[in-house]
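Listed below, chain by chain, are the residues.
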Amino acid sequence: MDLDTVADELYGLRPEDFTAARNARAAAARKAGDRSLAGEIARLRRPSLSAWAANLLVRERPDAVAPLLELGEGLRQAHRELDGGQLRELTRRQRSLVGALARQARQLAEEAGHPIGDDAQREVEATLHAVLADPEAADAWSAGRLVKPLDQPVGFPVAEAQAVRRTATAATKATAKRAPAPARRDSAREAERRRRLERAREDADAAQRELDAAEKEAADIASRAADAERRAQEGRRLVGELRERLERAEEEQRAAQAAEREAHERARTADRRLRESRRRAMTAATRLAELEGADET
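Definitions and limits used
- Residues numbered from 1 in each chain as written.
- Predicted model: local features only at pLDDT ≥ 70, side-chain atom pairs only at ≥ 80, totals over all residues.
- Heavy atoms only, no water.
- Helix = DSSP H or I, 4+ residues; strand = E, 2+ residues; numbered from the N terminus.
- Buried < 20%, exposed > 50% of the residue type's maximum accessible area, 1.4 Å probe, protein only.
- Polar contact = N/O pair within 3.5 Å; in protein donor to acceptor, adjacent residues only side chain to side chain.
- Contact = heavy atoms within 4.5 Å.
- Patch = residues over 30% accessible without salt bridge, like charges linked within 9 Å, V, L, I, M, F, W, Y side chains within 5 Å.
- Areas by Shrake-Rupley, 256 points an atom, 1.4 Å probe, with all protein chains shown as cover.
- Salt bridge = Lys/Arg side-chain N within 4 Å of Asp/Glu carboxyl O.
- Lys, Arg positive; Asp, Glu negative; His and termini not counted.
- Charge placed at Lys NZ, Arg CZ, Asp CG, Glu CD.
- Core = buried A, V, L, I, M, F, W, Y, C linked by side-chain atoms within 4.5 Å.
- Axes fitted to C-alpha atoms, helices over the stretch in contact; angles between N-to-C directions.
- Parallel < 35°, antiparallel > 145°, perpendicular 65-115°, else oblique.
- Nonpolar A, V, L, I, M, F, W, Y, C, P; charged D, E, K, R; others polar.
- Expected span 1.5 Å × (residues − 1).
- Arc of directions from axis to C-beta.
- Left-handed = near helix turned anticlockwise from the far one by under 90°.

Draft legend 1. Summary view of the side chain of N55. With respect to the helices and strands, the residue N55 is situated in helix α4 (residues 49-60). A relative accessible area of 0% means that N55 is categorised as buried. Within the structure, N55 has its side chain in polar contact with the backbone nitrogen of R145 (distance 3.4 Å). Sequence-distant contacts of N55, defined by excluding residues within four places in its chain, comprise Y11, G144, R145 and L146.

Listed below in structure tokens is the structure:
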């Protein structure tokens, strides 16, 4: 068992099945003595519904990955070179391909037994647009392990070639006081990089808070489980003692009932003998009296 194998398995599951399977794999790694792997598995986050659908698209339609990545490379190059004709053509392909892939993702999710709504489909589309704009996003998506949808970049690619021409014209007519177009693009890229870095830090902080909460919850659950196990053991011991005492009491009761029956039988026998003895004594006394009366006569 290794992290990549487990992650591939988990991110192919439906979201509602993710947590239980992750905890089971972490427990198995812990039982096998690999606490480091168990911790890494436990830190894997459940994907959102739209992220799962985007992952499903990669896993079930691998032939769709390469065309989208190639389109992304072409769009980025046309965007950098301000190639209006190429950009118009690739933009048309972008709209068609992204829409078709998002619909495929929705269909695959439905076939997998977990339909997605319009909002989730739009998040899948935003993820695919991000894949076109950012090679790092493309790598993340093509691995099929997204945790949440990717943010659609603002202003990429330019929708119409006219916008490209306006940008090129403005750059040509710029005064010396304004920064040249490459510098502005560098500044925009740096600003975008800082935004991505800030989002990454926020995600990391959120993930750490989630991890801390999960570890605390796990510790609390483990403590309660240990207490419950101790109480269960004590209960089993007490039940065993009570069962033994009950068995002894039942044996004593059976013996007492047998002794009671025997005593009653002996009492009845003694009573019969007493009555018989009294009858014989009275008979003997009567006979004696008769004999004595005869002698006197």
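Draft legend 2. Fine view of a negative patch on the surface. Judged by side-chain charge, E244, E247, E250, E251 and E252 come together as a negatively charged surface patch. Note on placement: E247 falls in helix α10 (residues 181-296). Classification of E247 by relative accessible area gives partly exposed; the value is 43%.

Draft legend 3. Highlighting the nonpolar core. Core analysis: the largest hydrophobic core is formed by 28 residues, its most contacted members being L57, L68, L128 and W141. Sorting the residues of this core by element identifies α4, α5 (65-81), α6 (84-111), α7 (118-133) and α8 (135-142) as the ones contributing at least two each. Apart from residues lying up to four places away in sequence, L68 is in contact with L97, V98, L101, L128, V131, L132 and W141. Ranked by size, the runner-up nonpolar core spans 12 residues in total, among them A7, L10, Y11 and I41.

Draft legend 4. View of the pattern of salt bridges. Under the counting rule described, the total for this entry stands at 14 salt bridges. The partner of D4 in a salt bridge is R145, with the nearest N and O atoms 3.3 Å apart. Here the residue D4 occupies a position in helix α1 (residues 3-10), and R145 occupies one in the loop between α8 and α9 (161-172), the gap between them amounting to 141 residues. A relative accessible area of 47% places D4 in the partly exposed class. A relative accessible area of 27% places R145 in the partly exposed class. Put simply, E276 and R280 hold a salt bridge, and the shortest N to O gap is 3.3 Å. Of this pair, E276 and R280 both sit in helix α10, 4 residues apart, which is roughly one turn of the helix. Via salt bridges that share partners, D4, D8 and R145 belong to a single interconnected network.

Draft legend 5. The arrangement of the packing of helix α2 (residues 15-31) against helix α3 (residues 35-42) in detail. Across the interface, α2 lies against α3 with an axial gap of 7 Å and an inter-helix angle of 170°. Classified by the interaxial angle, the pair formed by α2 and α3 is roughly antiparallel. Contacts from R22, R25, A26, A29 and R30 in α2 reach R35, L37, A38, I41 and A42 in α3. In terms of residue class, the contact of α2 with α3 is made up of 6 nonpolar, no polar and 4 charged.

Draft legend 6. Just the environment of V124, in detail. Within the element layout of this structure, V124 appears in helix α7. According to the relative accessible area criterion, V124 is buried, its value standing at 0%. Along the primary structure V124 and K148 are separated by 24 residues, whereas in three dimensions their C-alpha atoms are 9.8 Å apart. In this structure, V124 is in contact with S50, A53, A54, A102 and A105, ignoring residues within four places of it in sequence.

Draft legend 7. Representation of α2 in the model. A rise of 1.5 Å per residue sets the reference length of α2, with its 17 residues, at 24 Å; its end C-alpha atoms lie 25 Å apart and thus fit the reference within 8%. When α2 is considered as a whole, its buried residues turn out to be P15, F18, A21, R22, A26 and A29. Seen end-on, α2 carries its buried residues on one side only, within an arc spanning 140°. Turned more than 90 degrees away from the buried face of α2, the exposed residues are A20 and K31.

Draft legend 8. Spotlight on the packing of α4 against α7. At a minimum axis distance of 8 Å, the contact between α4 and α7 shows a crossing angle of 55°. Considered as vectors, α4 and α7 are oriented oblique to each other. When you trace α4 past α7, the crossing you get is right-handed. Residues S50, A53, A54 and L57 of α4 pack against A120, E123, V124, T127 and L128 of α7. Partitioning the contact of α4 with α7 into residue classes produces 6 nonpolar, 2 polar and 1 charged.

Draft legend 9. Fine view of α1. Burial in α1 covers these residues: V6, A7 and L10. An end-on view of α1 places all buried positions within 100° of arc, on one side of the element. The N-capping residue of α1, defined by a side-chain oxygen 3.2 Å from the backbone nitrogen of D4, is D2.

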